[in-house]
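Single-letter residue listing:
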Protein chains: 2
Amino acid sequence: MPVDRAVVEEIVREVVLKRLGRRPANSAPTLAVHASARHMHVSRADLDVLYGPGHELTVDRPLYQEGNFAAKETVTLIGPRSRVISNLRILGPLRKQSQIELAFTDAIGLGLDLPIRLSGDIAGTPGAFVMGPKGMVELKEGVIRAAIHVHMNPEEAAFYGVKQGDMMKLRIGGDAGVTFNRVLVRIDPTSRLNVHMDSDEANACGLHLAKEIELIK
Amino acid sequence: MPVDRAVVEEIVREVVLKRLGRRPANSAPTLAVHASARHMHVSRADLDVLYGPGHELTVDRPLYQEGNFAAKETVTLIGPRSRVISNLRILGPLRKQSQIELAFTDAIGLGLDLPIRLSGDIAGTPGAFVMGPKGMVELKEGVIRAAIHVHMNPEEAAFYGVKQGDMMKLRIGGDAGVTFNRVLVRIDPTSRLNVHMDSDEANACGLHLAKEIELIK
């Protein structure tokens, strides 16, 4: 499997579709659904080791959420059976804790048994070794499969009638026909309406073929 | 990615759970949900070329449906960009037409743009070159992503109140929480109640973690 290509393709794959709501189209916010390939979020301390003290991430491509970006920097992830994922992309900006988000398909290859967690909720999750050009970091924990979630601002939350931490459903039509029943709501004033799923979920529901996408309370 | 290991592991991964139905447990048939890894079904003529004239498939492991088996024989699939999948397992018995079933994750790696089709419905689908120890076959068509489906016998169909070709839903509980809305019903007197999904679908819904599975009309 051509790992780098898959990483790049998945990161850039975007499906932006108008929400097919029950209200008139002109009042429905535009819903973007993105598939996130495996990636790493990195702390200041860990980036110092991986890329050298004081190294700043370089923007390769801005992401849909304001201020977030795919960095040019990548790392190599070393799993428990000495199997590796190379060219694992770092997403910026820096975070308080390092965290690695993989799909289950990635985890099977590495020999890691991952829990499904919300980003940031990493207590008790598996760790891994991460190698950069300047050094190696041992993450004691922080490797997860990220739970599917939807970013929105307070106005969009009001439109859907949901609050922070609620679960919504995302129905994907077409030949695959999959409904995700536990899409967690994350509300922030700076957010744009945007579902994040991983590459397994995108492939299962045929996101690249989807003609009909509905976010439902 | 350790391709062979993934193939073997996915093929043998089985989740057999008691259907959590609305009727008393003693009247509900046992529902088996299996993840099929990528594989090939082969015709007599193609097996003659791949493994030599008159070659008979060797049973490696019986599958859940009576008479079906994972063969010891494997082939190498060569995609349009000269990328390959090696150790692609043949499933027996022989069929009238050769057919290769891949997950979208596999297809991205190969550079193939697959349609979602029911097994056997291959008109107009992509082809590929397939290499065996004795020769190479060009499939003009037949590479698909198999649509999720449920095998059942007429008594089980009566229990659910469904007929040949109907669509059912499969709800997978747990942290992932996915419902497959288009599970095609295939009825045969020799069948055992059994959903077949592919490895992307299994990884998206966290089948290996699922504690609650429901097949719904």
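Predicted model only: the values in this text are computed from it and were never measured.

Q: What is the right way to look at the overall build of chain A in this model?
A: Across its full length, chain A carries 5 helices and 16 strands. Per-residue burial for chain A yields a buried fraction of 57% across its 217 residues. A separation of at least 24 residues holds for 63% of the contacts in chain A among residues at least 6 apart in sequence.

Q: Could you clarify how one ought to interpret the environment of B:Gln164 in this entry?
A: Residues and elements named next belong to chain B. Locating Gln 164 in the fold gives a position in the loop between helix H4 (154-160) and strand E13 (167-172). For the pair Gln 164 and Val 178, spaced 14 residues apart in the sequence, the C-alpha separation amounts to 24 Å. When sequence neighbours within four positions are dropped, the list of residues in contact with Gln 164 reads Val 185, Arg 186 and Ile 187. From its side chain, Gln 164 meets the backbone nitrogen of Ile 187 in a polar contact 2.8 Å long.

Q: When you look at the pairing of strand E6 (residues 84-95) of chain A in this model, what are you seeing that I'm missing?
A: Side-chain positions along a regular strand alternate between the two faces of the sheet. All names here are of chain A. Note: strand E3 (residues 39-43) against E6, 4 bridges, orientation parallel. Looking across to E6, one finds that His 41 is bridged to Leu 91. Two strands pair when backbone bridges link them, and strand E5 (residues 69-78) and E6 are joined in this way by 6 bridges, in the antiparallel orientation. Pairing of Phe 69 across the sheet is with Gly 92, part of E6. Counted along the chain from E5 to the antiparallel partner E6, the turn is 5 residues long, and its residue Ser 82 has a positive phi close to 65 degrees.

Q: Help me understand helix H2 (residues 44-51) of chain B in this model?
A: All names here are of chain B. Looking at H2, one finds that the buried residues are Asp 46, Leu 47, Leu 50 and Tyr 51. In an axial view of H2, the angular spread of the buried residues amounts to 105 degrees, which keeps them on one side of the axis. Buried-residue contacts for H2 involve strand E3 (39-43), strand E5 (69-78), strand E6 (84-95), strand E9 (128-131) and strand E10 (136-139). Phi turns positive one or two residues past the end of H2, at Gly 52, with a value near 100 degrees.

Q: Sorry, what's going on with the side chain of B:Asn194 here?
A: Residue and element names in this part refer to chain B. Among the secondary structure elements, Asn 194 is positioned in strand E15 (residues 194-198). Of note is the side chain of Asn 194, whose polar atom sits 3.1 Å from the backbone oxygen of Ala 32. Aside from chain neighbours lying at most four places away, what touches Asn 194 is Leu 31, Ala 32, Val 33, His 34, Tyr 64, Gln 65, His 149, Val 150 and His 151.

Q: For this particular structure, what's the right way to read the packing of aromatic side chains?
A: Within a pair of aromatic rings, the relevant descriptors are the distance that separates the centres and the angle that separates the planes. A complete count under the given rule lists 2 aromatic pairs over all chains for this structure. With a centroid separation of 5.0 Å and an interplanar angle of 85 degrees, the aromatic rings of B:Phe159 and B:Tyr160 are classed as edge-to-face. On the accessibility criterion, B:Tyr160 (7% relative accessible area) is buried. The ring of A:Tyr64 carries the charged tip of A:Arg192 above its face, separated from the ring centre by 3.9 Å.

Q: What should I look at first to understand empty space enclosed by the protein in this one?
A: The gaps of empty space that remain are located by a probe, the size of a water molecule, rolled over the atoms. The full count for this structure, using the stated rule, is 2 cavities of 30 Å³ or more. Lining the second largest cavity we find A:Ile116, A:Arg145, A:Ala146, A:Ala147, A:Ile148, A:Arg182, A:Glu201, B:Asp175 and B:Ala176. Looking at the lining of the second largest cavity residue by residue, the classes come out as 5 nonpolar, no polar and 4 charged.

Q: Could you clarify how one ought to interpret a nonpolar patch on the surface in this entry?
A: On the surface, a cluster of nonpolar side chains totalling about 270 Å² of accessible area is made up of A:Phe129, A:Met131 and A:Met136. The residue A:Phe129 is located in strand E9 (residues 128-131) in this model.

Q: Mind showing me how you'd approach the nonpolar core here?
A: Grouped burial of nonpolar side chains is what soluble globular proteins tend to show. Residues A:Met152, A:Leu170 and B:Leu170 are the most contacted members of the largest nonpolar core, which totals 83 residues. For this core, the element with the highest residue contribution is strand E14 (residues 178-187) of chain A, accounting for 5 residues. Counting residues in hydrophobic clusters, the runner-up holds 28 residues, among them B:Leu47, B:Leu57, B:Val137 and B:Ala147.

Q: Hey, could you run me through the pattern of salt bridges in this one?
A: Where side chains of opposite charge bring their charged atoms close, a pairing between them can arise. Residue and element names in this part refer to chain A. Applying the stated criterion across every chain yields a total of 22 salt bridges over all chains. The partner of Arg 171 in a salt bridge is Glu 214, and the shortest N-O contact between them spans 3.4 Å. In this pair, Arg 171 sits in strand E13 (residues 167-172) while Glu 214 sits in strand E16 (residues 213-216), placing the two residues 43 residues apart along the sequence. Since its relative accessible area comes to 25%, Arg 171 is described here as partly exposed. A relative accessible area of 11% means that Glu 214 is categorised as buried.

Q: Would you mind going over the state of the cysteines with me for this structure?
A: One covalent bond between the sulfur atoms of two cysteine residues makes up a disulfide. In this structure the tally under the stated criterion is 0 disulfides over all chains. Not part of a disulfide, A:Cys205 finds its nearest cysteine sulfur in B:Cys205, a span of 13 Å.

Q: Looking at this model, I keep getting lost on the environment of A:Ser199. Mind explaining?
A: Along the chain, the position of A:Ser199 falls in helix H5 (residues 199-204). Spatially, the C-alpha atoms of A:Ser199 and A:Ile187 are 23 Å apart, while their sequence positions differ by 12 residues.

Q: How should unusual backbone geometry be read in this particular structure?
A: Of all residues except glycine, most have a negative phi; of all peptide bonds, most are trans. Here A:Gly92 and A:Pro93 are connected by a cis peptide whose omega angle stands at 0 degrees. Structurally, A:Pro93 can be placed in strand E6. Despite not being glycine, B:Asn87 shows a phi value in the positive range, around 55 degrees. Take B:Asn87: it is sitting in strand E6.

Q: Hey, could you run me through the pairing of E13(B) in this one?
A: Residues and elements named next belong to chain B. Burial along E13 is one-sided: Met 168, Leu 170 and Ile 172 are buried, and none of Met 167, Lys 169 and Arg 171, which face the opposite way, are. Pairing of E13 with strand E14 (residues 178-187) involves 5 bridges; the strand directions are antiparallel. Note that in E14 the partner of Met 167 across the bridge is Leu 184. Following E13, the chain reverses through 5 residues before pairing antiparallel with E14; Gly 174 in that reversal takes a positive phi of roughly 90 degrees. Summarising the sheet, E13 and strand E16 (residues 213-216) pair through 4 bridges and their orientation is antiparallel. Looking at the pairing, Leu 170 lines up with Leu 215 of E16.

Parameters at a glance
All residue numbers here refer to positions counted from 1 along the written sequence of the relevant chain. Throughout, the order in which chains and ligands are written sets their labels, letters from A for the former and numbers from 1 for the latter. Whole-chain, interface and lining totals are the exception, using all residues; otherwise, since this is a predicted model, local features are given only for residues with pLDDT of at least 70 and side-chain atom pairs are given and counted only at 80 or more. Only hydrogens and water are removed before side-chain values are computed, so all heavy atoms of the structure are retained for them. Numbering goes from the N terminus for both helices and strands, where a helix is a DSSP run of H or I of at least four residues and a strand is a run of E of at least two. Each residue is placed in one exposure class: buried if its accessible area under a 1.4 Å probe, protein chains only, is under 20% of its type's maximum, exposed if it is over 50%, and partly exposed if it falls in between. Two residues form a contact once any of their heavy atoms are found within 4.5 Å. Here a polar contact is taken to be a pair of N or O atoms separated by no more than 3.5 Å, where protein atoms must pair a possible hydrogen donor with a possible acceptor and residues adjacent in sequence count only if both atoms sit in side chains. Think of it this way: DSSP has to see at least two bridges between two strands before they count as a pair. What the arc describes is the spread of directions from the helix axis to the C-beta atoms. Between 30 and 60 degrees the pair is tilted, below 30 it is stacked and above 60 it is edge-to-face, where a pair is any two Phe, Tyr or Trp rings, Trp via its six-membered ring, whose centres lie within 6.5 Å. Sitting over a ring, as applied to charges here, requires NZ of Lys or CZ of Arg to be within 6 Å of the ring centre and within 35 degrees of the ring normal. Grid spacing is 1 Å over the protein atoms alone, the probe is 1.4 Å, and a cavity is where that probe fits but cannot get out, while a pocket is an open set with protein on both sides within 12 Å along at least five of seven lines and lining residues have an atom within 4 Å of a point. Grid points are joined across faces, edges and corners, and a volume is the space filled by probe spheres set on the points. Here the nonpolar group is Ala, Val, Leu, Ile, Met, Phe, Trp, Tyr, Cys and Pro; Asp, Glu, Lys and Arg are the charged ones; every other residue, Gly included, is treated as polar. Any residue with relative accessible area above 30% and no salt bridge may belong to a patch, with like charges joined within 9 Å and the nonpolar Val, Leu, Ile, Met, Phe, Trp and Tyr side chains within 5 Å. Methods summary: accessible areas were calculated by the Shrake-Rupley approach with a probe of 1.4 Å, and residue burial reflects only the protein chains presented. For salt bridges, the criterion is a side-chain nitrogen of Lys or Arg within 4 Å of an Asp or Glu carboxyl oxygen. Side-chain atoms within 4.5 Å link the members of a nonpolar core, which is a set of buried Ala, Val, Leu, Ile, Met, Phe, Trp, Tyr and Cys residues. Count a disulfide wherever a pair of cysteine sulfur atoms falls within 2.5 Å.

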